[in-house]
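What the coordinates show
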Amino acid sequence: MYLNKHLLKTIVFFSFLLLLWSCQNEKKYDTKIPPTIKKSKEQWQTVAIKYLNELIENGVDLESNYFKRARLYFEMENYQEALTDVNNAIQENENEGTYFLLRGKINLELKNVDVALADAERAEALVQTSPDLYILLADIYQMKKSFGKSAAYLNQAVKMDPYSGSIYYVRAMLLTNQGDTISGINNLKEAIHLNPRLVRAYEKATELNIALKNIPEALKINNLALNRFEDRSELFYERAEIYRTISSYDTAIINYRKAIKIDPDYQKAHLKLAHTAIAIKAYHLAIGSLNRLMVLKKEDIPTINLLGYAYEKLGDFEKAKSYYSITLEKAPMNEDARYGMYRIKQRENAYLEGLNEIHQLPENDRLLDTTRVHLNIIQPRGTTKLKIDTLIKAKIE
């Protein structure tokens, strides 16, 4: 009896301990911090920009926060905003090499090569040593055809960061400029492998393969790029160039239009679209792009002449003459405009001569003189006389 009571107490005690442990475990689980929701890089960048905006508006650590926001804008490819912010950071502190390095990168993306070089040299003078700086200098010098300086800086960058995709890109440019296109393409492939977001590497690899007439490889690289960057006008332009090379002009025009939709002021795309449309006699398709080029390049005589030619082919001679006249005012001896005016004059004269032939015929050509017409009288058909067989006639009778 005593044993049973003791056993029962033991069972109850351990049951209580188990229940207590379970409750504590459950409580601990309930109060556990839930896992954070993963955000994309673009979402984090947007959040960070918003936070930095608030700090800058409140005047908190302006130098550092301007630089941080500039770096974020640069990564987001908002180069004008990045340039504004890094300029503000430099105004706060003109002796920080990293600020000039970033501004050099931004200016290079904005095609301000000489300004980018000045920034890179300033960063170097401020004892800024980094693979990014040496890559920037190597890239700038290869653009300026100073291949020896470019190679020297590139070698320094390789020692510090041998697996940088940008190093392979600059090396590809050096090799290509020196005539080794195949090695250049191989280095561009390695650059893409090491840094899949290096857009310039895709563009250059596509361009080189088009030049070599290696269309399947060019399309393959262009597809890879468009899968990653869906809103880059340059990539649709390259795609159009691929199809124009193989005479698929309709598809080329479609892709030129996609490039222009993303960047309405993309001059190269407008010009190539116009030339391609004129080549296939789709003159109406060329008009829109040529009008836009007239806005972007008002004094460009080849564009003015192309507009005149397109309207001439569409039969709108008055508009065609107006554009040819603009050219002749600027350049009286311009052959394209002069020949255009000559062609129109010839067609107009031919048209007027045709009207004169219809409406100004001589009187004796328009009236029928019946006295001069000889009529042949139709004779009636004669009867045929058949010989009669007298034997048959006798039998019948």
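Residues numbered from 1 in each chain as written. Predicted model: local features only at pLDDT ≥ 70, side-chain atom pairs only at ≥ 80, totals over all residues. Heavy atoms only, no water.

Observations regarding the overall build of the chain
Counting its regular elements, the chain contains 21 helices and zero strands. Buried residues in the chain amount to 35% of all 397 residues. Within the chain, contacts between residues separated by at least 24 positions form 47% of all contacts whose residues are at least 6 apart in sequence. (Helix = DSSP H or I, 4+ residues; strand = E, 2+ residues; numbered from the N terminus. Buried < 20%, exposed > 50% of the residue type's maximum accessible area, 1.4 Å probe, protein only. Contact = heavy atoms within 4.5 Å.)

Re the environment of Glu92
With respect to the element layout, Glu92 can be found in helix H4 (residues 79–92). What makes Glu92 partly exposed here is its relative accessible area of 45%. Beyond its immediate stretch of four places on either side in the chain, Glu92 contacts Leu62 and Glu63.

Some details on the packing of aromatic side chains
We describe a pair of aromatic rings using the distance from one ring centre to the other and the angle between the two ring planes. Tallying each qualifying case throughout the model produces nine aromatic pairs. When the ring of Phe67 is compared with that of Tyr99, the centres are 4.9 Å apart and the planes differ by 40°; the resulting orientation is tilted. One end of the pair, Phe67, is in helix H3 (residues 62–75); the other, Tyr99, is in helix H5 (residues 97–109), with 32 residues separating them in the sequence. For Phe67, a relative accessible area of 13% gives the class buried. Take Tyr99: its relative accessible area is 6%, and that puts it in the buried class. Ring centres of Tyr237 and Tyr256 lie 5.9 Å apart, and the angle between their planes is 55°; on these two criteria the pair is classed as tilted. On the criterion of sequence distance, the pair formed by Tyr237 in helix H13 (residues 233–245) and Tyr256 in helix H14 (residues 249–262) is long-range, its members being 19 residues apart. Tyr237 gets classed as buried once you look at its relative accessible area, which sits at 7%. What links up through ring pairs into an aromatic cluster is the set Tyr134, Tyr141 and Tyr153. Positioned above the aromatic ring of Phe100 is the side chain of Arg122, whose terminal nitrogen or guanidinium carbon lies 5.2 Å from the ring centre. (Phe/Tyr/Trp six-rings, centres within 6.5 Å; stacked < 30°, edge-to-face > 60°. Lys NZ or Arg CZ within 6 Å of the ring centre and 35° of its normal.)

Focus on the nonpolar core
Ranked by size, the top nonpolar core spans 96 residues in total, and within it Ile106, Tyr169, Leu188 and Leu290 carry the most contacts. The biggest single contributor to this core is helix H7 (residues 131–143), with eight residues. If sequence neighbours within four positions are ignored, Leu188 has contacts with Tyr169, Ala172, Met173, Ala201, Lys204, Ala205 and Leu208. (Core = buried A, V, L, I, M, F, W, Y, C linked by side-chain atoms within 4.5 Å.)

Topic: the confidence of the model for the chain
Here the chain shows a mean pLDDT of 84. Residues at 70 or above account for 78%. Throughout residues 24–37 the model reports pLDDT below 50, and contacts reaching past four residues in sequence, or to other chains, amount to zero contacts. (pLDDT = per-residue confidence, 0-100.)

Some remarks on the pattern of salt bridges
Taken as a whole and assessed by the stated rule, the structure comprises 18 salt bridges. Here Glu234 makes a salt bridge to Arg232, at a shortest N to O gap of 3.4 Å. When its relative accessible area of 27% is taken as the criterion, Glu234 is described as partly exposed. Among the ionic contacts, a cluster of salt bridges with common partners joins Glu77, Arg232 and Glu234. (Salt bridge = Lys/Arg side-chain N within 4 Å of Asp/Glu carboxyl O.)

Thoughts on the packing of H3 against H4
The interhelical angle for the contact between H3 and H4, taken along N-to-C directions, is 160°, at an axis separation of 8 Å. Here H4 runs roughly antiparallel to H3, going by the angle between their axes. Classified by chirality, the crossing of H4 by H3 is left-handed. Contacts between H3 and H4 involve Leu62, Glu63, Tyr66, Phe67, Arg69, Ala70, Tyr73 and Phe74 from the first element and Tyr79, Glu81, Ala82, Asp85, Val86, Asn88, Ala89 and Glu92 from the second. (Axes fitted to C-alpha atoms, helices over the stretch in contact; angles between N-to-C directions. Parallel < 35°, antiparallel > 145°, perpendicular 65-115°, else oblique. Left-handed = near helix turned anticlockwise from the far one by under 90°.)

Thoughts on unusual backbone geometry
Even without being a glycine, Ser247 presents a positive backbone phi close to 65°. Within the fold, Ser247 resides in the loop between H13 and H14. For Lys281, which is not glycine, the phi torsion reads 65° and is therefore positive. Topologically, Lys281 is positioned in the loop between helix H15 (267–279) and helix H16 (283–296). For Lys281, a relative accessible area of 63% puts it in the exposed group.

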